[in-house]
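This is what each chain is made of:
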Amino acid sequence: MVRGCTRGACRRFIDRHQSALNFGLLVVAYILYLIVGAGIFSAIELPYEDALRQKLKADLRDFLRNNSCVSDARLEELLARALEASNYGVSILGNDTQRSWDFVSSLFFTSTVLTTTGYGHTVPLSDGGKAFCIFYSLLGIPVTLFFLSAAVQRIMSVVTRRPLSYFHRRWAMSKSHLGVIHAAFLAFITTLIFVIIPAWIFVALEEDWNFLEALYFCFISLTTIGLGDYVPGETPSKDVNPHPHLYRLAITVYLLLGLVCVLVVLETCWELPQMKRLRHRFYEENLRELDSETTNIIDRDQLSDQLADTADHVIDHPATISSVSEQAASIRQNGKSAPYTLASGSALNGKPR
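Here, residues in each chain are numbered from 1, in the same order as that chain's written sequence. Only residues with pLDDT of at least 70 get local features here, since the model is predicted, and only at 80 or more are side-chain atom pairs given and counted; chain-wide, interface and lining totals rely on the full set of residues. Values shown for side chains rest on all heavy atoms present in the structure; no hydrogens or waters enter the calculation.

An unreviewed UniProt entry lists the protein chain under the name Potassium channel subfamily K member, with Pundamilia nyererei given as the organism. Its UniProt record gives the protein chain the following Sequence similarities (unreviewed entry) comment, quoted word for word: "Belongs to the two pore domain potassium channel (TC 1.A.1.8) family." UniProt positions are given in the numbering used here, feature names are shortened, and annotations may be inferred rather than shown by experiment.

So, in structure tokens, the structure goes:
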């Protein structure tokens, strides 16, 4: 008796706080994901860091041994100043003619700031530049997000919603299944055009990059992570990069177009019914009720559109009217939207379909 009451109380508690428990599990899983990732990165990278540090110390000792006229303190002072200048995008390694703040380079910098990519290889040097960067980003980042949102919605109406509606009417397939197929196809095309092919191009244009490094740069850039360890167009050789300004401008256009296409893919996946059901598990009760009402409205709109499509089909093919009537009655009775299918043995223009 007591055990039954306890089980019933636990069951009622779980049902009453299902979304909160799901969210708590999500928080725990995310923290574990962070911890596991940190442990894996530490295990992989720490030995390489130690090896590189030991190699640099050995090179420094060899240099001081072979150049006894150079003092240890003066050399460390010079290296510290060179590293500090390098952090601001200024280098003395044979590229005196290359400028980090000409117009095209500044255009590349503004695009990385407003899209929050932020490579960090070029940063404002003056106090005035730092202050202007704050105010410029304060206004520019929301405007950029608004622009990207508007562009993504317009593109989605062409590459996602219209194709789904067309193939839904043409093939009478479930929109959820069509959505998964379409999202996978769209992700494949985007990956091919904006990751795989550009990676091969960067391998040909950047003499020090292999394919993995170029692929890494494309992914890090288009996901706006922007670590800045690989930035194209930084080579000092004019033979490899005879038109650095045109090259930098092409990369700016590539990053903007690629970011828009990546957002289109993410938005397409976000609107999948499977993703909506998954998000629904973590909503609060009032938001879940609001989402359910929105879903019901969408279902009624889809039902109206489907009945309109069915009526158009009946006008074009009167021989299917009996099958249509039966399916329409079934749809109204169940209150669910179902794809229209012709009954077996029905004829179109006197020919079996």
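Still more ground to cover, so stick around.
Considering the pattern of salt bridges
Every case where a carboxyl oxygen of Asp or Glu lies within 4 Å of a side-chain nitrogen of Lys or Arg is listed as a salt bridge. Inspection of the entire model under this criterion finds five salt bridges. The shortest N-O distance in the salt bridge between R53 and E49 comes to 3.2 Å. Note that R53 and E49 are positioned in helix α2 (residues 18-66) at a spacing of four residues, about one turn of the helix. Residue classification places R53 among the partly exposed residues on the basis of a relative accessible area of 37%. Each residue is placed in one exposure class: buried if its accessible area under a 1.4 Å probe, protein chains only, is under 20% of its type's maximum, exposed if it is over 50%, and partly exposed if it falls in between. With relative accessibility at 41%, the residue E49 sits in the partly exposed group. Residue R161 pairs with E271 through a salt bridge whose shortest N-O separation is 3.1 Å. Of this pair, R161 sits in helix α5 (residues 127-171) while E271 sits in the loop between α8 (244-270) and α9 (273-280); the two residues are 110 residues apart in sequence, bridging distant segments of the chain. Residue classification places R161 among the partly exposed residues on the basis of a relative accessible area of 33%. Using a relative accessible area of 29% as the deciding quantity, one classes E271 as partly exposed. Each of E49, D50 and R53 takes part in salt bridges that share partners, so that together they form one network. Numbering goes from the N terminus for both helices and strands, where a helix is a DSSP run of H or I of at least four residues and a strand is a run of E of at least two.

Observations regarding unusual backbone geometry
Located in the positive-phi region is T116, a residue other than glycine, with phi close to 60 degrees. Inspection of the secondary structure puts T116 in the loop between α4 (103-114) and α5. For T116, a relative accessible area of 44% translates into the label partly exposed. The backbone of T224 shows a phi angle near 60 degrees, a positive value even though the residue is not glycine. When you line up the elements, T224 lands in the loop between α7 (211-222) and α8.

Re α5
Compared with an ideal rise of 1.5 Å per residue, which puts 45 residues at 66 Å, α5 spans 62 Å between its outermost C-alpha atoms and is within 8% of the ideal. Note on bend: at a given residue it equals the angle between the axes fitted to the 7 residues ending there and to the 7 starting there. Along α5, the sharpest change in direction is near 45 degrees and occurs at M156. Note on α5: the residue one or two positions beyond its end, A172, has a positive phi of about 55 degrees. The span one expects for a helix is its residue count, reduced by one, times 1.5 Å.

Thoughts on the packing of α5 against helix α6 (residues 175-205)
At a minimum axis separation of 10 Å, α5 and α6 run at an interaxial angle of 135 degrees. By the angle between their axes, α5 is oblique relative to α6. Here α5 runs over α6; the crossing is right-handed. The segment α5 lies against α6, with V159, T160, P163, L164, S165, F167, H168 and W171 engaging K175, L178, G179, H182 and L186. Tallied by class, residues from the contact of α5 with α6 come to seven nonpolar, five polar and one charged. Orientation is described by lines fitted to C-alpha atoms, with helices fitted over the stretch in contact, and by angles between N-to-C directions that extend from 0 to 180 degrees. To sort the angles, those under 35 degrees are grouped as roughly parallel, those over 145 as roughly antiparallel, those from 65 to 115 as roughly perpendicular, and the leftovers as oblique. Note: crossing handedness is left-handed where the near helix turns anticlockwise from the far helix by less than a right angle, and right-handed where it turns clockwise. Any pair of residues with heavy atoms lying within 4.5 Å of one another is described as a contacting pair. Side-chain classes are defined by residue name, with Ala, Val, Leu, Ile, Met, Phe, Trp, Tyr, Cys and Pro counting as nonpolar, Asp, Glu, Lys and Arg as charged, and the others, Gly among them, as polar.

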